[in-house]
Each structure stands twice: as structure tokens, then as C-alpha cells.
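Residue-level listing of the chains:
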Amino acid sequence: MSNGSLSRVLSGVFAGAAALLLLAPEAAAAPDSPYSCSGVYLSSDGAAEVQSCIYAENGVPRAFGGLRIKNDSINRDNCTMVVTVIDKDAYASGASDEVVATSGEFPCLDGKYPSPPLTVDAALAKPDHRYVSFTEITKDGQGIARIYSPELILP
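So, how was this worked out
Residues numbered from 1 in each chain as written. Predicted model: local features only at pLDDT ≥ 70, side-chain atom pairs only at ≥ 80, totals over all residues. Heavy atoms only, no water. Salt bridge = Lys/Arg side-chain N within 4 Å of Asp/Glu carboxyl O. Helix = DSSP H or I, 4+ residues; strand = E, 2+ residues; numbered from the N terminus. Buried < 20%, exposed > 50% of the residue type's maximum accessible area, 1.4 Å probe, protein only. Contact = heavy atoms within 4.5 Å. Disulfide = S-S within 2.5 Å. Core = buried A, V, L, I, M, F, W, Y, C linked by side-chain atoms within 4.5 Å. Phe/Tyr/Trp six-rings, centres within 6.5 Å; stacked < 30°, edge-to-face > 60°.

Caption draft 1: Expanded view of the pattern of salt bridges. For the coordinates displayed, the defined rule picks out eight salt bridges. For Arg68, the salt bridge goes to Glu49, with nearest N and O atoms at 2.9 Å. Placement of the pair is Arg68 in strand 4 (residues 60–69) and Glu49 in strand 3 (residues 48–57), with a sequence separation of 19 residues. We classify Arg68 as partly exposed; its relative accessible area is 44%. The partner of Arg62 in a salt bridge is Glu57, and the shortest N-O contact between them spans 2.6 Å. The class of Arg62 is buried, set by a relative accessible area of 13%.

Structure below.
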């Protein structure tokens, strides 16, 4: 193989790798953002991009999910979204349930929901406990995504 051919092959490889990097999930929240977010992930059927975010405000966890619909196979009639916050240390501290807040189902729409963000009741927010949120998308009664946020440890 000549140097010219090798150069063309390598430039094609690097161009292909650059395209893959553009499709990779985005980083968590920006360094100056109060939110700690998962990357953006594709649903199992490829119909949506989903994200889950958590943050602390006034000593309690708050959470929201992000949804970007990619095609018309998802609509408000066949798709629901739920955001849930769990306390990963709940059972160790004697609690009977790790779920400390849930948004309930709402129709899928592009954007970040719920709005305002889901807020954990102050009585359930414990210092030094690890919290995560997850955003779950259901289409035609079948789960197509459950994306977890990074952990949040309350001070």
C-alpha cells in the first residue's frame, strides 16, 4: 500500500471515529450547573432520547427527566413518562420502601418533566444518604427506557 493510499484510509478511519464521537452520550451536567445528569441515551426502540437528572435544593433531592422524541411512533396517546427518586440507603436505616418520590405517569412530550421538578418531602430526606432518580418511558404498555441519574449524597 502506498503512502497516499494509507493516508486516505487513515483519514477515513479518523473521520468515521469523529462521527461516532458526535453520537456518543453527552457528558453529565456542565461544571457550573447544579444538576447531576445521566448522559442522553436512546430508548430500546430508537424512538426517543432519554435523560435523568437529580440535584439538591434546600436540603432535599429534586429530580426531572428529559425526553426528545425522535420519530412519530411515540405520541401522547401511546407513551408515558415517570420520574422516580429512590433512597439507596433506605433499607439499611430501617425504612420500609426505597421510593421516596414519584411523579406519577404523564404523557410523553419533548422537554424536561415534571415541571416544576419532582421534590422529595423533607421528612424523607436524610443527610449522608445516597439518592438516585430514574426516568422511565413506556410505549404501548412496554418499557422502552429506564435511565438512572448519577448518585446524589445529601450533606
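Caption draft 2: Structural context of the environment of Ala101. Topologically, Ala101 is positioned in strand 6 (residues 99–102). On the basis of relative accessible area, Ala101 is assigned to the buried category, the value being 8%. For the pair formed by Ala101 and Thr84, sequence separation is 17 residues and the distance between their alpha carbons is 5.7 Å. Dropping the residues within four chain positions of it, Ala101 is found in contact with Val83, Thr84, Val85, Leu118, Thr119 and Val120.

Caption draft 3: Here's a closer look at the state of the cysteines. Per the stated rule, a full pass over the model turns up two disulfides. Across a sulfur-sulfur distance of 2.0 Å, Cys79 and Cys108 are joined as a disulfide pair. Residues Cys79 and Cys108 are joined by a disulfide whose S-S torsion is about -60°; by sign, that bridge is left-handed. Taken as a pair, Cys79 in strand 5 (residues 79–87) and Cys108 in the loop between strand 7 (106–107) and strand 8 (111–119) lie far apart in primary sequence, 29 residues in all. Cys108 gets classed as buried once you look at its relative accessible area, which sits at 2%.

Caption draft 4: Main features of the nonpolar core. Within the largest apolar cluster, 26 residues are counted, with the highest numbers of intra-cluster contacts made by Val85 and Ile137. Broken down by secondary-structure element, the contributors of at least two residues to this core are strand 3, strand 4, strand 5, strand 6, strand 9 (130–139) and strand 10 (142–148). Element by element, the count of residues in this core is highest for strand 5, at four residues. In this structure, Val85 is in contact with Ile54, Pro61, Ala63, Glu98, Val99, Val100, Ala101, Leu118, Val120, Tyr131, Val132 and Ser133, ignoring residues within four places of it in sequence.

Caption draft 5: Layout of the packing of aromatic side chains. Taken as a whole, this structure holds five aromatic pairs when the rule is applied. Where Phe134 meets Tyr148, the ring centres are 5.2 Å apart and the plane angle is 50°; that geometry is what we call tilted. Of the two residues, Phe134 sits in strand 9 while Tyr148 sits in strand 10, which places them 14 residues apart along the sequence. Here Phe134 falls in the buried class, since its relative accessible area comes to 8%.

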